[in-house]
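Structural description and commentary
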Amino acid sequence: MSIRKFKKYLFIYTVSIVALIFTLFPFYWMLVSSFTPNDIMYKVNPTLIPSKFTFQHYIDLFTTTKFTTYFINSLYVATFSTLISIIISILGSYSLTRLRYRGRMFFTKTIILSYLLPVAVLFIPMYVFASRLGLADNKNSLLLVYPTLIVPYCCYMLISYFKAIPVSLEEAALIDGCTSLQSLFKIILPIALPSIAVVATFAFTMAWNEYLYALVLTTSPSQQTVTIGIASFKYSDQYIWGLLMSSSVIASIPSLILYLLAQRFMVGDLSAGGVKQ
Amino acid sequence: MKGLGRKYDVLLGYLLITPVVILIFIVIGVPFVNAIYLSFTDKVAGSVPKFIGFKNYINLFSDPDYIIVLKNTFVYTFTSIGFKLMIGIFLAVVLNQKFFGRSIIRTLLLLPWALSGMVAAMSWKWMYNDTYGIINALLMKAHIVHVPVLWLSDARLALISCIIVNVWRGVPFFFFSVLGGLQTIDSQMYEAADIDGAGVIKKFFCITLPSLKSVIMITTVLSTIWTFNDFENVFLITGGGPLHASSIISTYTYEMAFLQNEMGKAMSVAASVIPIILMMILIPLRKLNKEEK
């Protein structure tokens, strides 16, 4: 019995270690490369642990490049597109789950379908659309476009969260003379707040990480976001890997932190749902 | 009083859904209709589009590049999905056991999901580098290869290199979804199977897999669509090269539109796969609906 148990754990830990190496190695290498001096970096046969470390890439990043501008642009775009999307989605999802009117099912289906609509089809006309609105090469165009990616996702999630809140809670409030709108703010929102926080976190990450629209809709460095800015660190064809890796490290920090925070809630949510069933 | 409240609710319902409806029907709808229209024109950047019927579409099928790109897109999508699905399910089932360090390992395995596609692509591109890349250095040190592998410039390898990165980024989504699905399986089913003397493999195929059917289906549909439309991964790693060897529909559309300025043609490339995408959404969902009924 104990040999069987030993074999079982041996198997689990072997799988874990292989999976961890495959998963984490690119992170490790990004981090190490960002601290490797150029003379070692551009040498054939790199070693797993470089012999020298330097902060030079980070210093260059903030003194010689427009990285700070890119970073602030990303913060601006991600924060506001998340805010806009979350507000629209809360109102919409409440309407779709709690109020009864014609066309409700049709709207729900359209939202889910638009969640699956490929960006590859939309990016050219979206570029034309933004230019017509006078938003060509303007980071504010992203505030218009990112909600098209984020709102369907948020509604999709929020609809299922709102559905899980028992209607009886609201009925009591409605009998007491609350209007539906008041019950949204006084009953639903406080209960759903943790889930809304998780959805908002993922919405922020989506906007922070987006690439294609940002590439097409912004062209000058003053308007570009981190994802586009970083990929421009090159001399003609040659990438400047030190800058690329150090900026990648910094650009990944916000989404990784938010993600780790939200992920704890998510695992909790899922297993709680499991117990109920 | 009751009648008034009812009317109020209907009005409020429409009012609250209006922003979402505007977003979907105008901000997505107008460009979408425009996209379809452009695909029937000879629009070149800066010119007034002229309607030319199905000419763009007919030309596509005699364009050898388009055929290669279409084939690459399918290879890219289905190979990636196959590996993500297998690795994701395998990891979820193994790491669903109770053992020391489980939650930290699970969290770490989910990290690639949070990374932007751009950072993932650039990190891997650096690791794939012919001369300074760590992958070649390790392979040579272990005497697995003796000359550097040209991960990104060898036409036979370029697409595979992109697939590996896509799998690396995509496994966490499957892992996480399946892990969630596993929590809903009644443990009594396993206890009953234990009493009947069923082995690990048998339990997996007779209990675990059937119970996960709908989770796996939804996850696969979502991921298939995302993979099919993936852009930055291929665009940044190989740029579709060498000579379209790793080019897929999304990167080919971009190349047509912004490097060759052929907007009309580019739109026909993008629109030509809409029926395929619709089929990938509707067929599995219909099947799922039927089974639930």
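Here the structure is a predicted model, which means the values were calculated and not measured.

Regarding its fold elements, chain A presents 12 helices and 2 strands. Counting from the amino terminus, helix and strand elements in chain A follow one another as α-α-α-α-α-α-α-α-α-α-α-β-β-α. Taken along its principal axes, the extent of the C-alpha atoms in chain A is 75 × 70 × 30 Å. Sorting the 277 residues of chain A into buried and exposed places 42% on the buried side.

Attention now moves to the overall build of chain B. When helices and strands are counted, chain B shows 15 helices and 0 strands. Over its C-alpha atoms chain B spans a radius of gyration of 24 Å, topping by over 25% the 19 Å that the globule rule assigns to 293 residues. The dimensions of chain B, computed from C-alpha atoms along their principal axes, are 85 × 75 × 30 Å. Looking at chain B as a whole, 42% of its 293 residues qualify as buried. Looking at chain B alone, contacts between residues at least 24 apart form 68% of all its contacts between residues at least 6 apart.

A few words now on the interface of chain B and chain A. Contacts between chain B and chain A engage 68 residues on the former and 74 residues on the latter. The element that contributes the greatest number of residues to the side of chain B that touches chain A is helix α1 (residues 2-38) of chain B, accounting for 21 residues. Classifying every residue of the side of chain B that touches chain A gives 52 nonpolar, 14 polar and 2 charged.

To continue, consider the nonpolar core. F123(A), A203(A), A207(A), Y213(A), A35(B), F175(B) and A270(B) are the most contacted members of the largest nonpolar core, which has 141 residues in total. Residues within four places of A207(A) in sequence aside, it is in contact with V77(A), A78(A), S81(A), T82(A), Y146(A) and I150(A).

Turning our eyes to something else, we now look at the packing of helix α3 (residues 64-94) of chain B against helix α8 (residues 158-183) of chain B. All names here are of chain B. At a minimum axis distance of 7 Å, the contact between α3 and α8 shows a crossing angle of 40 degrees. Compared by their axis directions, α3 and α8 come out oblique. The crossing of α3 and α8 is right-handed.

A few words now on the domain arrangement of chain B. When the domains of chain B are assigned, the result is domain 1 (1-38) and domain 2 (54-292). On a C-alpha basis, the centroid separation for the pair domain 1 of chain B and domain 2 of chain B is 34 Å.

A few words now on the domain arrangement of chain A. Residue and element names in this part refer to chain A. We note that the domain assignment places domain 1 (2-54) and domain 2 (58-270) within chain A. Placing the centre of domain 1 and that of domain 2 at their C-alpha centroids yields a distance of 32 Å. Listed as interface residues are 6 residues of domain 1 and, on the opposing side, 6 residues of domain 2. Among the elements of the structure, α1 (2-34) and α2 (38-41) are those that each provide at least two residues to the side of domain 1 that touches domain 2. Broken down by element, the side of domain 1 that touches domain 2 gets its largest block of residues, 4 residues, from α1. Residues belonging to the side of domain 1 that touches domain 2 are distributed by class as follows: 3 nonpolar, 3 polar and no charged.

Now for the confidence of the model for chain B. Of all residues in chain B, 98% attain a pLDDT of 70 or more, and the chain-wide mean is 88. For this predicted complex, the interface score ipTM comes out at 0.89, while the overall pTM is 0.89.

To continue, consider the confidence of the model for chain A. Residues and elements named next belong to chain A. Per-residue confidence for chain A gives a mean pLDDT of 86, with 95% of residues at or over 70. No element of chain A has a lower mean pLDDT than helix α12 (residues 241-276), at 73, and none a higher one than helix α4 (residues 67-98), at 94. The low-confidence segment residues 268-277, where pLDDT is below 50, has 6 contacts with residues more than four positions distant or belonging to other chains.

An α-helix turns once every 3.6 residues. As a result, residues three or four positions apart point the same way. Where burial is concerned, most of helix α14 (residues 263-271) of chain B is hidden: 9 out of the 9 residues are buried. Within α14(B), burial applies to M263(B), G264(B), K265(B), A266(B), M267(B), S268(B), V269(B), A270(B) and A271(B).

Before going further, it helps to examine the environment of Q56(A). Mapped onto the fold, Q56(A) is located in helix α3 (residues 56-64). For the pair Q56(A) and L243(A), spaced 187 residues apart in sequence, the C-alpha separation works out to 9.2 Å.

All names here are of chain B. In this model, L243 sits at a positive phi of 50 degrees, which is unusual for a non-glycine residue. Positionally, L243 belongs in the loop between α12 (232-237) and α13 (249-259). For N261, which is not a glycine, the phi torsion comes out positive at approximately 60 degrees. With respect to the element layout, N261 can be found in the loop between α13 and α14.

This paragraph deals with the environment of V145(A). All names here are of chain A. In this structure, V145 sits in helix α7 (residues 140-164). With 29 C-beta atoms packed within 10 Å, V145 lands in the buried category. Distance from V145 to I253, taken between C-alpha atoms, is 24 Å for residues 108 residues apart in sequence. Aside from chain neighbours lying at most four places away, what touches V145 is M126, Y213 and L217.

This brings us to the packing of α7(A) against helix α9 (residues 180-209) of chain A. All names here are of chain A. Running from N to C, α7 and α9 point in directions that differ by 150 degrees, and their axes come no closer than 10 Å. As the angle between them shows, α7 and α9 are arranged roughly antiparallel. The interaxial crossing formed by α7 with α9 has right-handed handedness. Seen from α7, the contacting residues are Y146, L149, I150, Y153, C154, M157, L158, Y161 and F162; seen from α9, they are I188, A192, S195, V199, A203, M206 and A207. Residues belonging to the contact of α7 with α9 are distributed by class as follows: 15 nonpolar, 1 polar and no charged.

All names here are of chain B. Within the fold, G170 resides in helix α8. As for G170 and K55, which are separated by 115 residues in sequence, their C-alpha atoms are 37 Å apart. What G170 contacts, discounting residues up to four positions off in sequence, is S80, K84, S223 and T227.

Thresholds, definitions, all that
Residues numbered from 1 in each chain as written. Chains lettered and ligands numbered in written order. Predicted model: local features only at pLDDT ≥ 70, side-chain atom pairs only at ≥ 80, totals over all residues. Helix = DSSP H or I, 4+ residues; strand = E, 2+ residues; numbered from the N terminus. Buried ≥ 20, exposed ≤ 12 C-beta atoms within 10 Å, placed from the backbone. Rg over C-alpha atoms; globule rule 2.2 N^0.38 Å. Contact = placed C-beta atoms within 7 Å. Nonpolar A, V, L, I, M, F, W, Y, C, P; charged D, E, K, R; others polar. Core = buried A, V, L, I, M, F, W, Y, C linked by C-beta atoms within 7 Å. Axes fitted to C-alpha atoms, helices over the stretch in contact; angles between N-to-C directions. Parallel < 35°, antiparallel > 145°, perpendicular 65-115°, else oblique. Left-handed = near helix turned anticlockwise from the far one by under 90°. Domains from an automatic or database assignment. pLDDT = per-residue confidence, 0-100.

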